[in-house]
Amino acid sequence: MDVSNLFSGYLLPVTLAVITLGMGLSIDVKDFRNTFIYPKSMLIGLISQMILLPVISFIISFSSNIDPVFKVGLILIAVCPGGATANLVIFMLRGNLALAVSLTIINSLISLFSIPVLVRMGLLVFMGKDTLIHLPYFQTLLNLFIVVIIPAFTGVILRYRYPKFATGLEKPLRYILPVILIGVYFGVIVIEDSEEAAELIDYVNVLYYTLLLNVVSMIAGFITARFSRLTTRNSFTIAVQTGLQNSTLAIFIAATLLNDQMIAIVPIIYGSFSFFSTWLIGYLMKIYGKK
């Protein structure tokens, strides 16, 4: 086992699968059925995440004065789908978890084709590079099944078969799962990626614009959902899915497929705070969203 890859290569996928299984215990079969019978929330979520979010990232990049390589990093973050981390925030806030998991699955499938196109556009616009990237489709699909689909539906089946057991675990899991995830993310971001740490001035600049992307995209997703007459619960669920992206996937694409550690700085910084900022904003939307 490669110790340098311990957290991201081994512990993180296992942790995310366990977390998704735990969240699946709180989902009823009827929740998934209603999501597809009444697909309006799903469509608004897809529009917010697949169209609105990339547009916001390009606008922020064009209007910023940071190095072009960091602008590409912002685009990269925006085009990566929300993952188990976003679903965990929604689980903690008691949002529509069935909608969140469904969006994660569909967005992950669409992103296999959208990421290469939009990242290439960002490289061309901001760095003058016409670089093709190819996602490992089979490996990505396999990870999606192992980390999201199989654990989530296993949890749903367990809840259907053993409802008292699932209900009893729901409250403690709201505290246990975040602690586990934060511990592993600390290893991924701080320990493994310490060699690619940014200079202080770069960190401050990138931190500002990544936080701006996080906040603006959540507000835009929430407003879009509310104007579409969705419930507050579905609206902040979509906002969280729109605002919190898969920084681990972005780090992998930047460091491995693009072979550019400077681009990787952006998702590293983004991943260091986005879980907490997204939870806070989502909580405020949940409390004050009806007003």
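Above this note sits the structure.
Residues numbered from 1 in each chain as written. Predicted model: local features only at pLDDT ≥ 70, side-chain atom pairs only at ≥ 80, totals over all residues. Heavy atoms only, no water.

1. So, a nonpolar patch on the surface
Phase 1: Among the surface-exposed residues, Leu 109, Phe 138, Leu 141, Leu 142, Phe 145, Ile 146 and Ile 150 lie close enough to one another that they form a single nonpolar patch of about 640 Å² accessible area.
Phase 2: With six residues, helix H7 (residues 137-161) is the largest single contributor of residues to the nonpolar patch.
Phase 3: Exposure remark for Leu 109: the relative accessible area of 36% places this residue in the partly exposed category. (Patch = residues over 30% accessible without salt bridge, like charges linked within 9 Å, V, L, I, M, F, W, Y side chains within 5 Å. Areas by Shrake-Rupley, 256 points an atom, 1.4 Å probe, with all protein chains shown as cover. Salt bridge = Lys/Arg side-chain N within 4 Å of Asp/Glu carboxyl O. Helix = DSSP H or I, 4+ residues; strand = E, 2+ residues; numbered from the N terminus. Buried < 20%, exposed > 50% of the residue type's maximum accessible area, 1.4 Å probe, protein only.)

2. Re the nonpolar core
The tendency in soluble globular proteins is for nonpolar side chains to be buried as a group.
Phase 1: Counting residues in hydrophobic clusters, the biggest one holds 73 residues, and the most contacted among them are Leu 76, Leu 88, Leu 97, Val 101, Val 119 and Ile 263.
Phase 2: Excluding residues within four positions of it along the chain, Val 101 makes contact with Ile 27, Phe 32, Asn 87, Val 148 and Ala 152. (Core = buried A, V, L, I, M, F, W, Y, C linked by side-chain atoms within 4.5 Å. Contact = heavy atoms within 4.5 Å.)

3. Considerations on the packing of helix H6 (residues 97-127) against helix H10 (residues 232-243)
Phase 1: Between H6 and H10, the shortest axis-to-axis distance is 10 Å and the interhelical angle comes to 35 degrees. Crossing of H6 against H10: the hand is right-handed. Touching Leu 99, Ala 100, Leu 103, Thr 104 and Asn 107 of H6 are Asn 234, Thr 237, Ile 238 and Gln 241, all from H10.
Phase 2: When its residues are assigned to classes, the contact of H6 with H10 shows four nonpolar, five polar and no charged. (Axes fitted to C-alpha atoms, helices over the stretch in contact; angles between N-to-C directions. Left-handed = near helix turned anticlockwise from the far one by under 90°. Nonpolar A, V, L, I, M, F, W, Y, C, P; charged D, E, K, R; others polar.)

4. A word on helix H5 (residues 84-92)
Phase 1: Along H5, eight of the nine residues are buried, which leaves the element largely enclosed by surrounding structure.
Phase 2: Listed as buried for H5 are Ala 84, Thr 85, Ala 86, Asn 87, Leu 88, Val 89, Ile 90 and Phe 91.
Phase 3: A positive phi of about 60 degrees marks Arg 94, the residue just after H5.

5. Description of H7
Phase 1: For H7, built from 25 residues, the straight-helix expectation of 36 Å at 1.5 Å per residue is met to within 8% by its first-to-last C-alpha distance of 34 Å.
Phase 2: Of all bends in H7, the biggest is about 40 degrees, found at Phe 145.
Phase 3: The set of residues buried in H7 consists of Leu 144, Val 147, Val 148, Ile 149, Pro 151, Ala 152, Gly 155, Val 156 and Arg 159. (Expected span 1.5 Å × (residues − 1). Bend = angle between axes of the 7 residues up to and from the residue.)

6. Considerations on the pattern of salt bridges
Close approach of charged atoms allows side chains of opposite charge to pair.
Phase 1: Applying the stated criterion to the full structure yields one salt bridge.
Phase 2: Residues Arg 159 and Asp 28 are paired through a salt bridge, measuring 2.7 Å at the closest nitrogen-oxygen approach. Here Arg 159, found in helix H7, pairs with Asp 28, found in the loop between helix H1 (6-24) and helix H2 (29-37); they are 131 residues apart in sequence, far enough to count as distant.
Phase 3: What makes Asp 28 partly exposed here is its relative accessible area of 27%.

7. As for the environment of Val 125
Phase 1: Here Val 125 shows up in helix H6.
Phase 2: It is 9.8 Å that separates the C-alpha atoms of Val 125 and Lys 71, two residues lying 54 residues apart in sequence.

8. A look at unusual backbone geometry
Phase 1: Although it is not a glycine, Arg 229 sits at a positive phi angle of roughly 65 degrees.
Phase 2: By secondary structure assignment, the location of Arg 229 is in the loop between helix H9 (200-227) and H10.
Phase 3: Classification of Arg 229 by relative accessible area gives exposed; the value is 75%.
Phase 4: With a phi close to 55 degrees, Asn 259 is a non-glycine residue in the positive phi region.
Phase 5: Tracing the backbone shows Asn 259 in the loop between helix H11 (247-257) and helix H12 (261-288).

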